[in-house]
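# Commentary on secondary and tertiary structure
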2 protein chains.
Amino acid sequence: MQDAINTWQDVQREVLGRIQNRVWKPGDIIPNEVDLAKEFGCARATVNRALQAVADSGLLDRRRKAGTRVAVNPVRKATLEIPIIRQEIEQRGQHYQYALIEQQVTDPQADMQAMMKLSDGQQLLHLKALHLADGLPHVYEDRWINISTVPEIVAVDWQQNNANEWLVAHAPFSDGDIAFSAGAAGAVEAEILNVPLNTAVFIIERSTWMMQQSITRVRLTYAPGHRLHTTI
Amino acid sequence: MQDAINTWQDVQREVLGRIQNRVWKPGDIIPNEVDLAKEFGCARATVNRALQAVADSGLLDRRRKAGTRVAVNPVRKATLEIPIIRQEIEQRGQHYQYALIEQQVTDPQADMQAMMKLSDGQQLLHLKALHLADGLPHVYEDRWINISTVPEIVAVDWQQNNANEWLVAHAPFSDGDIAFSAGAAGAVEAEILNVPLNTAVFIIERSTWMMQQSITRVRLTYAPGHRLHTTI
DNA sequence: GAGTGGTCTAGACCACTGT
DNA sequence: CAGTGGTCTAGACCACTCC
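Below or above, wherever it landed, is the structure these notes cover.

About the thresholds
Residues numbered from 1 in each chain as written. Chains lettered and ligands numbered in written order. Predicted model: local features only at pLDDT ≥ 70, side-chain atom pairs only at ≥ 80, totals over all residues. Heavy atoms only, no water. Near = heavy atom within 4 Å. Polar contact = N/O pair within 3.5 Å; in protein donor to acceptor, adjacent residues only side chain to side chain. Helix = DSSP H or I, 4+ residues; strand = E, 2+ residues; numbered from the N terminus. Buried < 20%, exposed > 50% of the residue type's maximum accessible area, 1.4 Å probe, protein only. Pairing = 2+ DSSP bridges. Axes fitted to C-alpha atoms, helices over the stretch in contact; angles between N-to-C directions. Parallel < 35°, antiparallel > 145°, perpendicular 65-115°, else oblique. Left-handed = near helix turned anticlockwise from the far one by under 90°. Contact = heavy atoms within 4.5 Å. Nonpolar A, V, L, I, M, F, W, Y, C, P; charged D, E, K, R; others polar. Salt bridge = Lys/Arg side-chain N within 4 Å of Asp/Glu carboxyl O. Least-squares fit on C-alpha atoms with pLDDT ≥ 70 in both. 1 Å grid on protein atoms, 1.4 Å probe; cavity = no way out; pocket = protein on both sides within 12 Å on 5 of 7 lines; lining within 4 Å. Points joined across faces, edges and corners; volume = space filled by probe spheres on them.

## Overview of the protein's contact with DNA strand C
- Inspection of the region around DNA strand C gives 25 residues, with Arg44(A), Arg62(A), Thr7(B), Trp8(B) and Thr46(B) positioned closest.
- Take the atoms of DNA strand C that sit within 4 Å of the protein: sugar and phosphate atoms are 68% of them.
- In this structure, Arg44(A) approaches DNA strand C through a side-chain N or O atom, which is 2.6 Å from a base nitrogen.
- No other element matches helix H3 (residues 44-56) of chain B, which puts 4 residues into the surface near DNA strand C.

## Quick notes on the pairing of strand S11 (residues 227-231) of chain B
- The two faces of S11(B) differ: Leu228(B) and Thr230(B) on one face are buried, but Arg227(B), His229(B) and Thr231(B) on the other face are not.
- Alignment of strand S8 (residues 175-184) of chain A against S11(B), held across 5 bridges, turns out to be antiparallel. Along S11(B), the bridge assignment pairs Ile178(A) with Thr230(B).

## A look at the side chain of His226(A)
- Here His226(A) is to be found in the loop between strand S10 (213-222) and strand S11 (227-231).
- Here His226(A) falls in the buried class, since its relative accessible area comes to 11%.

## Comments concerning the protein's contact with DNA strand D
- The environment of DNA strand D is made up of 25 residues, and the closest members are Thr7(A), Trp8(A), Thr46(A), Arg62(B) and Lys65(B).
- For DNA strand D, the backbone portion of the atoms within 4 Å of the protein, that is sugar and phosphate, comes to 68%.
- Between a phosphate oxygen of DNA strand D and a main-chain N or O atom of Glu33(B), the distance comes to 3.1 Å.
- Those elements that provide at least two residues to the surface near DNA strand D are helix H1 (8-20) and helix H3 (44-56) of chain A together with H3, strand S2 (60-63) and strand S3 (67-70) of chain B.
- No other element matches H3(A), which puts 4 residues into the surface near DNA strand D.

## With respect to the packing of helix H1 (residues 8-20) of chain B against H3(B)
All names here are of chain B.
- At a minimum axis distance of 8 Å, the contact between H1 and H3 shows a crossing angle of 55 degrees. In terms of orientation, H1 lies oblique with respect to H3. The way H1 lies across H3 gives a crossing that is right-handed. When H1 is examined against H3, the residues Trp-8, Val-11, Gln-12, Val-15 and Leu-16 are found in contact with a partner set consisting of Thr-46, Val-47, Arg-49, Ala-50, Leu-51, Ala-53 and Val-54.
- Of the residues belonging to the contact of H1 with H3, the class tally is 9 nonpolar, 2 polar and 1 charged.

## Examining the interface of chain A and chain B
- Taken together, the 46 residues of chain A in the interface contact 49 residues of chain B.
- Taken together, chain A and chain B are joined by 2 salt bridges.
- Residue Glu205(B) is joined to Arg227(A) by a salt bridge in which the shortest nitrogen-to-oxygen separation is 2.6 Å.
- Where chain A touches chain B, the interface holds 9 residue pairs in polar contact (both at pLDDT 80 or more).
- Broken down by secondary-structure element, the contributors of at least two residues to the side of chain A that touches chain B are H3, strand S4 (76-82), helix H6 (163-170), S8, strand S9 (200-210) and S11 of chain A.
- By residue number, the principal contributor to the side of chain A that touches chain B is S8(A), which donates 10 residues.
- Across the side of chain A that touches chain B, the residue classes tally to 21 nonpolar, 15 polar and 10 charged.
- The pairing of S4(A) with strand S4 (residues 76-82) of chain B spans 7 bridges and is antiparallel. In the sheet register, Arg76(A) faces S4(B), and the bridge partner there is Ile82(B).

## A short note on the sheet that holds strand S1 (residues 29-30) of chain B
Residues and elements named next belong to chain B.
- The antiparallel open sheet is built from 3 strands, whose spatial order is S1-S3-S2. Single-partner strands in this sheet number two, and they are S1 and S2.
- As judged from the 4 bridges shared by S2 and S3, these two strands associate in the antiparallel manner. What sits directly across from Arg-62, in S3, is Thr-68.
- Across the sheet, H3 touches S1 and S2, and the angle it forms with S2 is around 120 degrees.

## Regarding the relation of the copies chain A and chain B
- Of the two same-sequence chains, chain A is brought onto chain B (RMSD 2.3 Å, axial shift 1.2 Å) by a rotation of 177 degrees. Taken together, the turn and the small shift mark the pair as related by a two-fold rotation axis.

## So, the sheet that holds strand S6 (residues 124-133) of chain B
- What the 7 strands build is an open sheet, ordered S11(A)-S8(B)-S9(B)-S10(B)-S7(B)-S6(B)-S5(B); its pairing is antiparallel. Each end of this open sheet is capped by a strand with a single partner; those strands are S11 of chain A together with strand S5 (96-106) of chain B. Sheet twist, expressed as the average angle between the axes of neighbouring strands with direction ignored, equals 15 degrees.
- Along the sheet face, helix H6 (residues 163-170) of chain B touches S5, S6, strand S7 (136-146), strand S9 (200-210) and strand S10 (213-222) of chain B and points at about 45 degrees away from the line of S7(B).

## Some remarks on the environment of Ala53(B)
Residues and elements named next belong to chain B.
- Assignment of secondary structure puts Ala-53 in helix H3.
- A C-alpha to C-alpha distance of 9.2 Å links Ala-53 and Trp-8, two positions 45 residues apart in sequence.
- In contact with Ala-53, other than residues within four places in its own chain, are Trp-8 and Gln-12.

## Examining empty space enclosed by the protein
- According to the stated counting rule, one finds 5 cavities of 30 Å³ or more in the structure shown.
- Forming the boundary of the largest cavity are 15 residues, of which Asn164(A), Val168(A), Phe173(A), Arg206(A) and Thr208(A) lie nearest the centre.
- Counting residues per element, the lining of the largest cavity draws most heavily on H6(A), at 3 residues.
- When its residues are assigned to classes, the lining of the largest cavity shows 9 nonpolar, 3 polar and 3 charged.
- Val168(A), Pro172(A), Ile19(B), Pro26(B), Leu59(B), Val70(B), Ala71(B) and Pro74(B) are the residues that line the second largest cavity.
- Here the residues of the lining of the second largest cavity are counted per class, giving 8 nonpolar, no polar and no charged.

Structure representation (C-alpha cells):
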C-alpha cells in the first residue's frame, strides 16, 4: 500500500509522477480538482496549491472551465539570480572597487522618456561608473534614475555611494524587465573597460518600477569573458 | 476612506506600498500575520498568501518564530523561458527553416568528456545545424548527444528531424545548466551566419541530464542583434 | 448556462527556531 | 518553551470561459 497523500507536496509528487510515467500524456485533460481531492483523500485547496505549483513550472496549463491539461510543449524555465555587483565579485574572492566617472542631472531624451514611461517634465540623474574586480575593470554602469520617484538621490554623494547598492537599500522595486545581449564595445566603453575597440561584450539592460512609477534604467557592459550561469 | 482590503492582491499592494514608502524599512520586522489580518480585516490565510508572494520576489525574508522582515539586500530573481527555437521564431510571425550541416559519431575530446561527465568509451553524436528565420540565419546549433543515454538517436534521420524538438519530445531531462555569454564569431560561425569575422555574437551553452546521465550539450550562436528578454 | 479554477474564511494543528 | 510562519480542512462564493 502506498503512503498517504496529505500535503500539497505529496500531491505535487504524485502529479509529476503521472506526467513522467505518461499516465497523463501531453495534451490530456486531467481530472478536475474536486475529483482529485476525493481520490487523494485531501481537501480541494491542497490539490489547488499543488496544481498551481506544477503549472508555475510550466508542465500544466490551467484555464477556468476548460480544465487542466498536460502541457504539449513544456517550456522550461531558468531562474537567474541578480546579485548586487559587489556581492558577485566578493563571492568569487576578489577585491571590489567602485569608481564614479560622471554624474549629471538632465532632461530625458525622447527614447529614454519612452523606455522609462516618464511624464513630461520629469528629470533624470545620469550616472556613469565603473566596478572593478581585483583592480581590473569588471563592468561599466550607465544609469538613469528618476528624480521624481526618488527625490532623495540629489543629495547623495555618488563619489562615496554606489548607485547599485544605494537603490537596493532605499528604493525597492516591485516590477522590472531585463534584457541580455551581445554587442561590440564602442569608443567610450572600450576605453573605460580597457579593451580594443569592437571587442565583443556582454550587455545587460534593466528597468525597474515600483507601483507603475519608474525608478531607474541601467545598462551594464561587462568586460570580456563574463558568463551568466544558472541551473534549469 | 481607502478601499477595502479583501483579496491577497490587495494585501500585496498594501505591503509593497509600505515598503516603498519606508513605513517598513529594510531590516525592520513587520507585524505578524495575525495582527495584519486584524488590521486589514481579512483572514490570516489571505495575508499569508500575499506575504508569500512578496517573499518569493525577494523583498521579504520570512522565518518561523523569527518573523517577517524587509530584506536588506534583496536578491532579485528573473525567470527566463527557454523556448523551442521554432516557437521562438514563429511567435514573432517569421517563417522557420532548419538545415542540417553535418552529423558524425565521435569519441569525445577530453574537455567535452569532462563537461558532460561521460564514462570512458561513451560515444557522442555530433550535429551541426542552422535555424533560419524568414530565410536568414538566426542561430547556429552545435550539439553533442550522448549515444549511451539516448540510443534511439542513431536511427533518426537528422535531415528531416530537428534535434532541438526531437529531444524535447523523446528525452525529458531532470536537471540542466545553462550559461549566457558574448563572443566573437570565429571563421566557421562567421561563414555559417553570414557575418564578418569577429562580429559580436550572443552565445548560449546548455547541458542536460536525466538522473545523473548526461543527455546532450549544445552551443547556440545567435546572429547579431539577438536579445533575451524577460521580466523580473 | 454550466463547469472549472481562483480565492476567501474561520478554525485548527504542525514545524521550526529563537530565547 | 513559546511565538511565528506553514499548511490542512470544509464550505462558500466568485470569475471566467467554453459550449
